[in-house]
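Observations on the model geometry
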Amino acid sequence: MSRLVRLMVVGCFAITATSEAQSVDRVGPPSWWADASTQRITLLVEGSGLLDATVRVSEGPLRIQRVEAIAGGRALFVDVEIPAGATPGRCVLEVGPSRIPWEIVPRPARKPQPFGSDDVLYLVMPDRFADGDPANNDPPGGDRMYDRKDSHAYHGGDFAGIRKRLPYLADLGVTALWLTPIYRTADTWTESNVDGRPRKMADFHGYAPVDFYGINPRFGTFYEYRSLVDEAHALGIKVIQDQLLGFTGPKHPWRNRPPTDAWLHGPIDHPPQCTFKTETLADPHSREVDRRGVTDGWYYGVLPDLDMRDERVIRYAVQQSLWWTTLFEADGVRLDTFPMVDRTFWRTWHGRLQEVHPGMLVVGEAMCWDAPLLSFFQGGRVGWDSVDPGVQSVFDFPMWGSSQGVFKGKDPVSALAKGLANDHLYPRSDLLVTMLDNHDLPRLASVPGVSPARLRLAAAFLLTSRGIPQLTWGDEIGLPGGLDDRRDFPGGFPSDPRDAFTQAGRTPDEDRLFQTFRALLHLRKTEPALRRGRQTTLVASDDAYVYSRECEGSTVVVAINRGEKPAVLKLPDSFKGSGAVLYGEARWTPQPDGAELEVPAETAAILGYAR
């Protein structure tokens with residue numbers, strides 16, 4: 001651990017050594033792991049006056065294979081070889097007068113435990129979850145950006161706070177932790193415009209990196225992040241990394257000084273804007289220029305868009321991704337703005353990821369609201385473009401839309417069954433990630449028409465229907481908020497008047513919802529059919545939805561009654577056996593032509609079925 005942590009500290013410093021003509025600002029990656037076979041990677045050396053710089057290794061087994069200088073002298077691409085069986089330790093790379101420390105480190109022994117249908121993901125935005133170390137709330141240098149009264153400032157959440165709450169998450173029953181990006185972001189305010197009003201914003205969300213090999217000091221150190229991962233694993237909680245591979249932050253040095261002229265889609269002084277017309281990517285009859293409007297444009301003209309068809313960019317992106325997944329023992333990856341990167345890159349990246357971490361599952365964010373469009377982006381089959389992107393999971397935004405309509409009372413409950421009827425479109429509907437909300441969507445608790453009872457119904461549907469469920473921090477207590485109002489978890493911060501991590505600190509409605517989530521999560525662990533079972537619609541009406549799930553000889557029946565009166569539901573004649581209540585309240589009455597199931601108003605029930 002100590003050597004690994006030391007290399008991270010080396011990696012997070014800018015390396016500058018200057019002569020009259022030459023300087024080196026940074027090198028990435030700052031380290032790599034030893035392996036039984038020979039490895040070849042490419043170092044990106046950035047600085048000034050490097051066109052004629054000499055490059056050599058003065059210490060360590062690293063071997064230089066090729067050096068490519070970029071016109072203008074602002075970057076070198078140095079292909080190096082790490083010999084098979086190399087002994088981990090310090091290396092020194094000399095670039096002109098600069099001596100650059102570099103490390104070969106031991107590869108972590110733990111194998112990834114890929115997340116999948118047996119898991120429940122819990123999304124945490126570190127800054128909004130828990131503050132375990134107030135000393136890092138405003139680190140030295142840069143602007144003062146800590147202000148809990150400002151929804152666009154930092155609030156102080158960090159790795160130490162998450163570590164403190166890991167036992168809470170384990171007790172709740174979640175099995176995988178997804179953190180929004182932890183890359184180093186700008187230490188100064190960003191000028192923005194919200195609803196026509198100019199204002200200052202901090203990059204607390206993590207989606208605007210300035211260093212792909214650095215870590216946000218407001219969250220903690222590399223050592224603290226590694227400790228968080230280790231402690232999560234010890235509690236049986238997997239860790240999913242949120243990675244950015246197609247764009248960077250507006251204050252990244254590349255914004256004004258990219259390593260090569262082809263590094264970013266340009267021109268950078270007047271960049272193309274993303275059109276967000278993702279439907280053109282799935283349409284074999286659309287124009288190439290329209291597809292490029294999605295993949296080659298800057299996000300709202302602000303986030304520099306990397307050219308993911310450029311071989312140098314591809315090498316850099318693949319390496320930084322593998323560096324994080326390997327050295328910090330990831331169990332999975334979440335990809336932001338998945339459709340906005342060329343599909344051939346995803347095929348290359350996913351193939352390389354599988355070589356290093358066989359079986360690792362990846363979920364892509366494709367904000368598509370209809371199933372035919374979303375299904376195009378799920379990997380596992382070749383599309384009309386002859387490309388299988390490989391990424392086997394995507395977030396199920398169409399079913400999110402169906403759930404919203406049902407649980408706010410706009411649509412009949414049968415809309416849930418209608419949404420699930422589109423599963424034939426997907427290569428693997430069981431690997432879709434389902435959710436009630438996330439950090440970019442309105443919290444379900446804030447949606448008009450969603451009562452505490454309907455929140456509990458929504459939780460029951462999420463945790464018993466097909467797919468991999470995902471919670472957002474505070475969903476289990478009905479935390480309100482939304483995109484421009486990302487709320488802190490009550491009790492996660494020293495000055496909070498109450499602690500909703502404890503029963504004593506929750507309101508009656510919050511605690512009832514918490515107990516609902518906890519009971520369902522633990523039942524899900526004990527009933528394989530709720531995790532992996534084949535789902536069959538039995539009843540779908542204006543106010544009720546009943547479905548069965550079958551797996552390994554076990555059958556459960558789930559009934560959701562949104563109505564304000566008890567529902568008496570007639571099941572098909574294949575259900576003539578007995579039903580034992582596992583969750584909620586219900587009365588099962590066997591009948592010659594199929595059972596009769598009575599469920600109280602605005603409740604859900606789960607029954608084990610025996611023929």
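Use the structure listed above.
About the criteria used
- Residues numbered from 1 in each chain as written.
- Predicted model: local features only at pLDDT ≥ 70, side-chain atom pairs only at ≥ 80, totals over all residues.
- Heavy atoms only, no water.
- Helix = DSSP H or I, 4+ residues; strand = E, 2+ residues; numbered from the N terminus.
- Rg over C-alpha atoms; globule rule 2.2 N^0.38 Å.
- Buried < 20%, exposed > 50% of the residue type's maximum accessible area, 1.4 Å probe, protein only.
- Contact = heavy atoms within 4.5 Å.
- Areas by Shrake-Rupley, 256 points an atom, 1.4 Å probe, with all protein chains shown as cover.
- Lys, Arg positive; Asp, Glu negative; His and termini not counted.
- Charge placed at Lys NZ, Arg CZ, Asp CG, Glu CD.
- Axes fitted to C-alpha atoms, helices over the stretch in contact; angles between N-to-C directions.
- Parallel < 35°, antiparallel > 145°, perpendicular 65-115°, else oblique.
- Left-handed = near helix turned anticlockwise from the far one by under 90°.
- Nonpolar A, V, L, I, M, F, W, Y, C, P; charged D, E, K, R; others polar.
- Pairing = 2+ DSSP bridges.
- Polar contact = N/O pair within 3.5 Å; in protein donor to acceptor, adjacent residues only side chain to side chain.
- Phe/Tyr/Trp six-rings, centres within 6.5 Å; stacked < 30°, edge-to-face > 60°.
- Lys NZ or Arg CZ within 6 Å of the ring centre and 35° of its normal.

Some remarks on the overall build of the chain
Each helix and strand counted, the chain has 13 helices and 28 strands in total. Taken over C-alpha atoms, the radius of gyration comes to 26 Å for the chain, in line with the 25 Å a tight globule of 611 residues would show. With the principal axes as the frame, the chain shows a C-alpha extent of 90 × 55 × 55 Å. For the chain, buried positions account for 59% of its 611 residues. Excluding contacts between residues fewer than 6 apart, the proportion of contacts in the chain whose partners are at least 24 apart in sequence is 72%. Accessible surface, the chain: about 23300 Å² in total, of which carbon and sulfur atoms supply 51%. Mean positive and mean negative side-chain charge positions of the chain (68 and 79 charges, respectively) differ by 2 Å.

A few points about the packing of helix α9 (residues 397-407) against helix α11 (residues 452-464)
Put simply, α9 and α11 touch, their axes get as near as 10 Å, and they point 150° apart. Accordingly, the angle class assigned to the pair α9 and α11 is roughly antiparallel. As for how α9 packs across α11, the hand of that crossing is right-handed. Mapping the contact onto sequence places Met-399, Ser-403 and Phe-407 in α9 and Arg-454, Leu-457, Ala-458 and Phe-461 in α11. Within the contact of α9 with α11, the residues separate by chemical class into five nonpolar, one polar and one charged.

Section: the pairing of strand β8 (residues 98-105)
Taking burial as the measure, the eight residues of β8 include six buried ones, the bulk of the element. When strand β2 (residues 31-33) meets β8, the two strands line up parallel, connected through three bridges. Across the sheet, Trp-33 pairs through a bridge with Val-105, a residue of β8. A loop of two residues connects strand β7 (residues 89-95) with β8, the two strands running antiparallel in sequence, and Gly-96 in this loop sits at a positive phi of about 60°.

Re the sheet that holds strand β20 (residues 468-472)
Ordered by their spatial adjacency, eight strands build an open sheet running β18-β17-β16-β15-β10-β9-β20-β19, and the pairing between neighbours is parallel. The sheet terminates laterally at β18 (393-394) and β19 (433-435), the two strands that pair on one side only. Alignment of strand β9 (residues 121-124) against β20, held across three bridges, turns out to be parallel. Bridged to Tyr-122 within β20 is Leu-471. Sheet contacts for helix α2 (residues 159-172): β9 and β10 (176-179); angle to β10, the most-contacted strand, approximately 145°. Across the sheet, helix α3 (residues 222-234) lies against β10 and β15 (238-243), angled at about 140° from β15, the strand it touches most.

As for the sheet that holds β7
Read across the sheet, four strands follow the order β2-β8-β7-β4 without closing on themselves; strand pairing throughout is mixed. Strands with a single pairing partner mark the edges of an open sheet, and in this sheet they are β2 and β4 (55-59). Direction aside, neighbouring strands of the sheet carry axes that sit 30° apart on average. Here seven bridges tie β7 to β8, and the two strands are oriented antiparallel to one another. For Gly-89, the partnering residue across the bridge sits in β8 and is Ile-104. Across the sheet, helix α6 (residues 311-327) lies against β2 and β8, angled at about 60° from β2, the strand it touches most.

Quick look at the environment of Asp-496
Within the secondary structure, Asp-496 is located in the loop between β20 and α12 (508-526). Taking relative accessible area as the criterion, Asp-496 reaches 18% and is therefore assigned buried. Polar side-chain contacts of Asp-496 include one of 3.3 Å to the backbone nitrogen of Gly-492.

Focus on the packing of aromatic side chains
Under the definition given, this model contains 43 aromatic pairs. Ring plane angle 75° and centroid distance 5.1 Å describe the contact between Trp-369 and Phe-397, whose orientation is recorded as edge-to-face. Separated by 28 residues along the polypeptide, Trp-369 in the loop between β17 (361-364) and α8 (371-377) and Phe-397 in helix α9 bring together distant segments of the chain. Given the relative accessible area of 1%, Phe-397 is considered buried. The aromatic ring of Tyr-154 is capped on one face by Arg-218, whose charged end is 4.5 Å from the ring centroid.

Structural measurements only, silent on function.
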